[in-house]
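Chain and residue survey
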Amino acid sequence: MTKEPQIIGWAHSKFGKSDAPITELVRDVSVRALEDAGMETSQIDAVHVGVFNNGLSSQGFEGTLPGLVIPELAFKPFFRHESACATGSAAVYAAYDSVASGRFDSVLVVGAEKMTHADGATLNNVLLSASYRPEEEGYGSFAGVFGHIASIYAEQYGDPLETLAQIAAKNHHNGAANPLAHMQKDLGFDFCNTVSDKNPEVASPLRRTDCSLVSDGAAALVISRTSNGRVRFRGMGHASDSLPLSKRNPLEFRGAKHAMNQALEAAGMNLTDADLLETHDCFTIAELLQYEAFGLAQPGQGRTAIESGLVSVNGDFPVNASGGLKAKGHPIGATGVSMHVTACMQVTNSFPGYQVKDATTAAVFNMGGAAVSNFASIVERV
């Protein structure tokens, strides 16, 4: 028996608009992850579930759903996790710790969300709850929060809109090759850089192509210390920051930086020693600020990471080869689990889209709120 928790199986639904209820999404990825792991349901000791909800559905208590759709899981311990857009990673981390502690030998992790049924007003209200409402309600939407951050960036460093369009175009190019992605269309730089009827300004200065997609979907992992693993966690980091933007420099993403540095220190490596990064581009300005927080570029110089080709799918350090949240989609509770599944696929040479050549190590970054709840992982092929 290995004492180190390792990932031994996974599954990922296609993201997009789905008529299936969340129970069916949960069942599908759970069954397929167990099959991929070569495990019987009876070998699972506990289930960790990540669903944000927060008003997207009147059905709460989502931790019980795997036991509903897979009766053999009904008497297992279940844990439901929520950490805004980092909900999926919160479930992954708690699952890892529950195995590393010795309490459980093998656990199932499921992240899921149904969003596309909700009207715009409901979505805005639910997503805005990931901001500090007493001060930030006036932005009107979570896109408005990041539009405000983009405006601060423009004031301090110059207009970033062309760079944001380059990031959007890169991620849509990558997503076009990913059969699991919500949007599989290469939109091109000119479309992303131009305000039009099909690409309106959503929250000044951000355009529709600067915003991640509202999606349905699910993903699952099996973490175990009893079987020969396929992917191991080489390093992990988790850091929180002040919820109100007024209490910090919104451009610094210091919590993101701390989390990534923790993971890299544990792994004994630099970020670009990894072969790729799957990161949280809820808005293109977030990916730009992560370039700077993670040391891929100096503050105010994030454009150099994309202009140089460094982060392109054929560059020295591909970022969001999956298409990211921008093109793959962002069903909130599923996202963190999805990012880990995508990384596992990449390092085992089984990703169905753009496969990074000879990848053995991947970095993952997932955040809740405007870099408030920050999770970073370094995973590598066993």
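Now for a quick tour of the structure. (Residues numbered from 1 in each chain as written. Predicted model: local features only at pLDDT ≥ 70, side-chain atom pairs only at ≥ 80, totals over all residues. Heavy atoms only, no water.)

In this section: the overall build of the protein. Along the protein, the regular secondary structure elements total 13 helices and 11 strands. Radius of gyration (C-alpha) of the protein: 19 Å, near the 21 Å computed for a compact globule of 382 residues. For the protein, the spread of C-alpha atoms along the three principal axes comes to 55 × 45 × 40 Å. By element, 47% of the accessible surface of the protein is carried by carbon and sulfur atoms, the whole surface being about 14200 Å². Side-chain charges in the protein split into 28 positive and 40 negative, and the spacing between the mean points of these groups amounts to 3 Å. (Helix = DSSP H or I, 4+ residues; strand = E, 2+ residues; numbered from the N terminus. Rg over C-alpha atoms; globule rule 2.2 N^0.38 Å. Areas by Shrake-Rupley, 256 points an atom, 1.4 Å probe, with all protein chains shown as cover. Lys, Arg positive; Asp, Glu negative; His and termini not counted. Charge placed at Lys NZ, Arg CZ, Asp CG, Glu CD.)

The next thing to look at is the packing of aromatic side chains. This model, assessed by the stated rule, comprises nine aromatic pairs. Relative to Phe146, the ring of Phe142 lies with its centre 5.3 Å away and its plane at 70°, an arrangement referred to as edge-to-face. With Phe142 and Phe146 both in helix H6 (residues 142-157) and four residues apart, the pair spans about one turn of that helix. For Phe146, a relative accessible area of 0% puts it in the buried group. Feature note: the residues Phe142, Phe146 and Phe283 constitute an aromatic cluster, connected by ring pairs. Of note, Arg230 hangs over the ring of Trp10, and the distance from its end group to the ring centre comes to 4.0 Å. (Phe/Tyr/Trp six-rings, centres within 6.5 Å; stacked < 30°, edge-to-face > 60°. Buried < 20%, exposed > 50% of the residue type's maximum accessible area, 1.4 Å probe, protein only. Lys NZ or Arg CZ within 6 Å of the ring centre and 35° of its normal.)

Glancing now at the packing of H6 against helix H10 (residues 284-293). Packing of H6 against H10 leaves a shortest axis separation of 10 Å and a crossing angle of 50°. One element, H6, and the other, H10, form an angle in the oblique class. Of H10, the residues touching H6 (which contributes Phe146, Ile149, Ala150 and Tyr153) are Ile285, Ala286, Leu288, Leu289 and Glu292. Of the residues contributing to the contact of H6 with H10, the split by class is eight nonpolar, no polar and one charged. (Axes fitted to C-alpha atoms, helices over the stretch in contact; angles between N-to-C directions. Parallel < 35°, antiparallel > 145°, perpendicular 65-115°, else oblique. Contact = heavy atoms within 4.5 Å. Nonpolar A, V, L, I, M, F, W, Y, C, P; charged D, E, K, R; others polar.)

Below, the discussion takes up the packing of helix H3 (residues 87-100) against helix H13 (residues 332-347). One can describe the packing of H3 onto H13 by two numbers: an axis separation of 5 Å at closest approach and a directional angle of 60°. The pairing of H3 with H13 is recorded here as oblique in orientation. Contact residues: H3 offers Thr87, Gly88, Ser89, Val92 and Tyr93, while H13 offers Gly333, Gly336, Val337 and His340. Among the residues forming the contact of H3 with H13, the class breakdown is three nonpolar, six polar and no charged.

Among the structural elements, Glu4 can be located in the segment before strand E1 (6-12). Accessibility expressed as a relative area gives 25% for Glu4, which makes it partly exposed. Once the C-alpha coordinates of Glu4 and Ile22 are considered, the two residues, 18 residues apart in sequence, prove to be 32 Å apart. Setting aside residues up to four positions removed in sequence, Glu4 forms contacts with Ser224, Arg225, Arg232 and Phe233. Here Gln6 takes part through its side chain, which lies 3.0 Å from a polar atom of the side chain of Glu4. At 2.9 Å, the side chain of Glu4 and the side chain of Arg232 are in polar contact. (Polar contact = N/O pair within 3.5 Å; in protein donor to acceptor, adjacent residues only side chain to side chain.)

For the rest of this paragraph, the subject is the sheet that holds strand E8 (residues 231-240). Read across the open sheet, the nine strands follow the order E3-E2-E4-E7-E1-E8-E11-E10-E9; overall the sheet is mixed. For this open sheet the edge positions go to strand E3 (78-81) and strand E9 (276-278), each flanked by a neighbour on one side alone. Looking at each pair of strands side by side, their axes are set apart by 25° on average, direction ignored. Bridge count for E1 against E8 is two bridges, and the pairing is antiparallel. When the sheet's bridge partners are listed, Gln6 is paired in E8 with Arg232. Lying over the sheet, H13 contacts E1, strand E2 (46-50), strand E4 (106-113), strand E7 (217-224), E8, E9, strand E10 (361-368) and strand E11 (373-381), oriented at roughly 60° with respect to E7. (Pairing = 2+ DSSP bridges.)

Within this structure, the stated rule accounts for 12 salt bridges. Residue Glu4 is joined to Arg232 by a salt bridge in which the shortest nitrogen-to-oxygen separation is 2.9 Å. Of this pair, Glu4 sits in the segment before E1 while Arg232 sits in strand E8; the two residues are 228 residues apart in sequence, bridging distant segments of the chain. Overall, the relative accessible area of 24% leaves Arg232 in the partly exposed class. Two residues, Arg254 and Asp241, come together in a salt bridge whose shortest N-O distance is 2.8 Å. (Salt bridge = Lys/Arg side-chain N within 4 Å of Asp/Glu carboxyl O.)

This model, assessed by the stated rule, comprises zero disulfides. Its sulfur unpaired, Cys211 is 9.3 Å from the next cysteine sulfur, which belongs to Cys282. A relative accessible area of 10% means that Cys211 is categorised as buried. Cysteine Cys282 shares no disulfide, and the gap to the nearest cysteine sulfur, in Cys85, comes to 6.2 Å. (Disulfide = S-S within 2.5 Å.)

Before going further, it helps to examine the pairing of E10. With eight of eight residues buried, E10 is to be regarded as a mostly interior element. Burial of E10 is two-sided: the residues Thr361, Ala363, Phe365 and Met367 facing one way and the residues Ala362, Val364, Asn366 and Gly368 facing the other way are all buried. Examined bridge by bridge, E9 and E10 share three bridges and lie parallel to one another. Bridge pairing in E10 links Glu278 to Val364. Where E10 lies against E11, eight bridges are found, and the strand directions are antiparallel. Its bridge partner lying in E11, Val364 is registered against Ser377.

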